[in-house]
Structure formats: structure tokens, C-alpha cells
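The chain contents come next:
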Amino acid sequence: MVVSDEIAMDRDIPDTRNPECPHWQYPEDLPTTSVVIVFHNEGFSTLMRTVHSVIDRSPPQFLKEVLLVDDFSDKAALKEPLEDYISRWGSKVRLIRNKERAGLIRTRTTGAEEAKGEVVLFLDAHCEVNRNWLPPLLAPIYRDKYTMTVPVIDGVDHDTFEYRPVYGAGSNFRGIFEWGMLYKETELPPEIERSREHQSEPYKAPTHAGGLFAINREYFLSLGAYDPGLLVWGGENFELSFKVWQCGGSIEWVPCSRVGHVYRGFMPYNFGKLAEKKKGPLITINYKRVIETWFDDKYKEYFYTREPLARFLDMGDISKQLELKERLNCKSFHWFMENVAYDMLRKYPELPKNIHWGELRSAATSRCLDTMGHSAPSFMGVAHCHGFGNNQVSCSQVVEESAAGRLTCCMSSLVWL
Ligand SMILES: [Mn+2]
């Protein structure tokens, strides 16, 4: 925040688009857009720089409003000083506030309900949109209102606030996931590469990172917005992606729309009272709701192989979600795997059932293998066995690949081969 506060709200940033991008033509009657930004105790300057960049770099005729939705922040700067600051934009920037903490997911739904534009475009509260970012996101929705669009995300360094692309202008990636429901990005499969004429044209993708996307507002609400049973954060990107694809829509990533995002170094807030009500890791509970609603039985087992404890977590009632799936006549997960995420099994093959899972205890020291809160296997350690699973769950499968077989181990959200 010290660095961010020193940087101009309307600074220039490098144009990271593919050089083809300025040559595309877009319709002049694109839908109007509400840019919805949810925040909870966000830094004042990062939040306002997000708004400045949207106002400065969006054609005004397509930008209906920027709708700020405060998820019950308690920082003083986000009270009257924020209201004073945004008054310079009149009705173009609107602020609504939750009366209690609702979490990111539910607050996004509130934003969509309150929005006045035909399209809702969600941004995180610490972004900087790049040159002509908006028309390329709206054009596919204009063509087909059941398309949801996703910009390419550039990085804004959380220490220096340097703006730099994660991917070069010539390389395209798309969102997938592995069976423990960790979000991944991968090169375009050859099937898609072959069908493309230009490096800069939009392409279909199975899923998205979650924070930044545009969707027709009525369509989003007709899908039930986000499952209201999902708590705070995590898994909502998958829920929406499966729902869109399996129920007749599609997702396109748009290389000519670039948005910078500050990737944080640590989780800067807690889940407050929302987390206390639930037993077990909240994100895994969210994943369980999503896979129990949208996966077919065979694929559910792959998730339970990676997260054996999830089978015993209380995910609440999903009957409304299953009803929605029935009512919208949605396709199977198998259809999704065959037609949309067909490159996924090449990267993350089907998982056989676990042979063993539980804590892995040293016979010599009686201490347990532990992820130590890290997400890479090289950082694993041993610790006092606490018996509550989570970061001390290990499991093993034999994957028949050679005559000798191959042992796969996983721990919590880690996998190694
Ligand atoms: Mn973010």
C-alpha cells in the first residue's frame, strides 16, 4: 500500500496486447455494461486506481456504470472518504454496502441483481484495465448472449506495482483444473490452434480463474447466479463454468482484452464469522457442492481420491442446484469432458481409487508427514500428529503405466508422481 499510494491513480501502463488487436473492428451498438467491483477492506488507492482505469479506458457509451459493492469493510478510508472521492464521477460510479459480511461470492450476486447494464462485468478490487479492453469482451456477447467472456490477465507486482504480462502477446492459454480442483492454465490444444486464423481471436475455454469476466446479466441471473450455498471464496469459478457449458452456453477467452491484476503474496483478510459456522475446510466444502452437483459419478471419485476427507464433510443441501440442472436440461459432465475439456485427461489422467489414505507416521519418531501449509511438495515437513487430517492426509494409488507400475502419492492439495 505504501508503494501503491505513491503511484498516480491514472498512470499509463504498457499496452501488452497482440499487435493484431488494434486492427479488429467492433460493432457500434454493443450492449451497455455495469462493471461490478466487490471489495472487503481493500486498500483505498488500489481500489480507486481500478475505477480510474475503467473510466479512462472504456468507451463511455458502453459503460453504464461502475458499481462498487462493499462487503462490510471496517477501514475508515472506505467510509466517507470513499463516498467523497467517487462523487467526482456522479451517477457513473455507484456504491452499495452489505449490512453484514456476506463473502465475495454472495456479494457478486448482489452486484448483478443491482446492476443496471445489460452486461455485468466483474473485476477484482485491485486491477488496472488496459487499452480498449471493453469492446473485445462485449463483441462475443453481442453475437451470442449465452457466451461469457474472460480477459487475459496481466500481473501487477504486489511489491513494486510494476505492470507486466504473465503471458507474452503471442502465446495463448486457457483455464482447466486437476482432480483436486486446483485451477490450472494450459496451452491451447492443437484442435483449437488448427481452427484459428488469427492469434488474437477469442477461443473457447473450459473454465476461468474466477475474478474477471463478463456475462449477460439476465442470462447470469437465469442460471441462478452463483450457488448461494457456496461460502466466501473458492470453487465459484468452476460452478459457473460447468453451469454455463453444461446448460447450453459457452466461455471464450479474449486475447485482445488485457487486465492487470495484483496477485497477492498472502491472504490479507480472514473469513470472519462465516468460517466459524462450518466444520472443515471451507474451500473443500465448496468444491464438494460443485462436484456433487455437476460431475458424473465416475468423475466424482477422482476428486475423492485426491481429497479423501471431503467425502465426510457436510456440504449442506444441494437439492435446489440439482433441480436447476434438471430444469435447464443440462448436459452431463461426460459431455463437457468430451466436447470442451478434451485436453484435460491428457494432462491429468483418470485416477484409480486410493489403496491407502490417512496419516503417514514415522515409526521412529511417531511424527507425521505434513504440508506445513505450503503448496509445493519440496516444502513438506514432519510435525506432531494431530489426527484431524487436512494438511496431514496422505494417500497412494498405483497407476499402471509400466510393468512395475507407478506409485502416486498425494497430500492434501499436493500431488506428485
Ligand atoms: Mn484478486
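All residue numbers here refer to positions counted from 1 along the written sequence of the relevant chain. Side-chain atom pairs in this predicted model are given and counted only at pLDDT of 80 or more, local residue features only at pLDDT of at least 70, and totals for whole chains, interfaces and linings cover all residues. Computation of side-chain values covers all heavy atoms of the structure but excludes hydrogens and water.

As recorded in an unreviewed UniProt entry, the protein chain goes by Polypeptide N-acetylgalactosaminyltransferase and comes from Scylla paramamosain. UniProt positions are given in the numbering used here, feature names are shortened, and annotations may be inferred rather than shown by experiment. Of the protein chain, the UniProt comment under Pathway (unreviewed entry) reads exactly: "Protein modification; protein glycosylation." If you open the UniProt record of the protein chain and go to Sequence similarities (unreviewed entry), you find "Belongs to the glycosyltransferase 2 family. GalNAc-T subfamily."

1. Some words on the overall build of the protein chain
Going along the chain from the N terminus, every DSSP run of H or I of four or more residues is numbered as a helix, and every run of E of two or more is numbered as a strand. Across its full length, the protein chain holds 14 helices and 18 strands. The C-alpha atoms of the protein chain give a radius of gyration of 22 Å, which matches the 22 Å a tight globule of 417 residues would have. Principal-axis analysis of the C-alpha atoms places the extent of the protein chain at approximately 65 × 50 × 40 Å. Only protein chains enter the accessibility calculation, which uses a 1.4 Å probe; a residue is then buried when its area is under 20% of its type maximum, exposed when over 50%, and partly exposed in between. Per-residue burial over the protein chain gives 54% buried out of 417 residues. In what follows, a contact means two residues having at least one pair of non-hydrogen atoms within 4.5 Å. Taking the contacts inside the protein chain whose residues are at least 6 apart along the sequence as the reference set, 77% of them involve residues at least 24 apart. Here the accessible surface of atoms and residues is derived via Shrake-Rupley with a 1.4 Å probe, and residues count as covered only by protein chains that are part of the display. On the protein chain, roughly 19,100 Å² of surface is accessible, and the fraction owed to carbon and sulfur atoms is 53%. Taking the average location of the 49 positive side-chain charges in the protein chain and that of its 57 negative ones, the two points are 3 Å from each other. Only the C-alpha atoms count toward the radius of gyration. The rule for a globule is 2.2 Å times the residue count to the power 0.38. Charge counting follows a simple rule: Lys and Arg are positive, Asp and Glu are negative, and His as well as the terminal groups are ignored. Throughout, a charge is located at the NZ atom of Lys, the CZ atom of Arg, the CG atom of Asp or the CD atom of Glu.

2. Digging into the packing of aromatic side chains
The pairing test for Phe, Tyr and Trp rings, Trp by its six-membered ring, is centres within 6.5 Å, and the orientation test on the planes gives stacked under 30 degrees, edge-to-face over 60, and tilted for anything in between. Following the criterion strictly, the structure yields 26 aromatic pairs and no others. For the pair F242 and F336, a centre-to-centre distance of 5.4 Å together with 75° between the ring planes defines the contact as edge-to-face. Taken together, the residues span a long stretch of sequence, with F242 in helix α8 (residues 236-246) and F336 in helix α13 (residues 333-339) at a distance of 94 residues. There is no split in this pair, since F242 and F336 are both buried. Pairwise contacts between aromatic rings join F177, W179, F238, F242, Y287, F295, Y299, Y302, F333 and F336 into one cluster.

3. Here we look at the UniProt feature "domain: Glycosyltransferase 2-like" (unreviewed entry) in the protein chain
The UniProt record marks residues 34-220 with the feature "domain: Glycosyltransferase 2-like" (unreviewed entry), using the residue numbering of this structure. In residues 34-220, the share of helix is 28% and the share of strand is 29%. The end C-alpha atoms are 13 Å apart.

4. Describing the coordination of the manganese ion
Perfect tetrahedral coordination of a metal by four donors corresponds to 109.5 degrees between them, and perfect octahedral coordination by six donors corresponds to 90 or 180 degrees. For Na, K and Ca the donor cut-off is 3.2 Å; for every other metal, N, O and S atoms count as donors within 2.8 Å. Water does not enter the count, which can leave sites looking incomplete. Protein coordination at the manganese ion comes from D124 (OD), H126 (NE2) and H261 (NE2), with a distance range of 2.1 to 2.2 Å. Counting the intervening residues between successive donors of the manganese ion yields the motif D-x1-H-x134-H. A residue pair is termed long-range when its members are at least 10 positions apart, and H126 in the loop between β4 (119-123) and β5 (127-129) and H261 in strand β12 (residues 250-262) qualify at 135 residues. Considered together, H126 and H261 belong to a single accessibility category, that of buried residues.

5. A word on the confidence of the model for the protein chain
Here the protein chain averages 90 in pLDDT, while 90% of its residues score no lower than 70. The quantity known as pLDDT measures the predictor's confidence residue by residue, on a range of 0 to 100. Throughout residues 412-417 the model reports pLDDT below 50, and contacts reaching past four residues in sequence, or to other chains, amount to 31 contacts.

6. Regarding the packing of helix α10 (residues 282-294) against helix α11 (residues 297-306)
Relative orientation of the contacting elements α10 and α11 amounts to 165°, with a least axis distance of 10 Å. In terms of orientation, α10 and α11 fall into the roughly antiparallel class. The handedness of the crossing between α10 and α11 comes out as left-handed. Across the interface between the two elements, T284, Y287, K288, I291 and E292 from α10 touch K300, F303 and Y304 from α11. Of the residues that constitute the contact of α10 with α11, the class distribution is 4 nonpolar, 1 polar and 3 charged. As a rule, the C-alpha atoms of each element are fitted with a line to give its axis, helices using only the stretch in contact, and angles between N-to-C directions run from 0 to 180 degrees. Working definition: roughly parallel below 35 degrees, roughly antiparallel above 145 degrees, roughly perpendicular at 65 to 115 degrees, and oblique for all remaining angles. Note: crossing handedness is left-handed where the near helix turns anticlockwise from the far helix by less than a right angle, and right-handed where it turns clockwise. Polarity classes work like this: nonpolar for Ala, Val, Leu, Ile, Met, Phe, Trp, Tyr, Cys and Pro, charged for Asp, Glu, Lys and Arg, and polar for all others, with Gly in that last group.

7. Concerning the environment of L82
If you trace the backbone, L82 turns up in helix α3 (residues 80-86). Separated by 235 residues in the primary sequence, L82 and D317 place their C-alpha atoms 39 Å from one another. Non-local contacts of L82, meaning those with residues more than four positions away in its chain, are made with F39, F44, L47, M48, A77 and L95.

8. A few points about the state of the cysteines
Criterion for a disulfide: a pair of cysteine sulfur atoms at a distance within 2.5 Å. Counting across every chain of the model gives 3 disulfides. Between C247 and C330 runs a disulfide, and the two sulfur atoms are separated by 2.1 Å. Its torsion about the S-S bond being 100°, the disulfide of C247 and C330 is classed as right-handed. Of this pair, C247 sits in the loop between α8 and β12 while C330 sits in the loop between α12 (319-327) and α13, and the two are 83 residues apart along the sequence. Each sulfur of the disulfide joining C368 and C385 lies 2.1 Å from the other. Measuring the twist about the S-S bond at about 100°, one finds the C368-C385 disulfide to be right-handed. One end of the pair, C368, is in strand β14 (residues 367-370); the other, C385, is in the loop between β15 (381-384) and β16 (394-399), with 17 residues separating them in the sequence. Across this residue pair, the class does not change: C368 and C385 are buried. Its sulfur unpaired, C127 is 19 Å from the next cysteine sulfur, which belongs to C21. Accessibility expressed as a relative area gives 3% for C127, which makes it buried.

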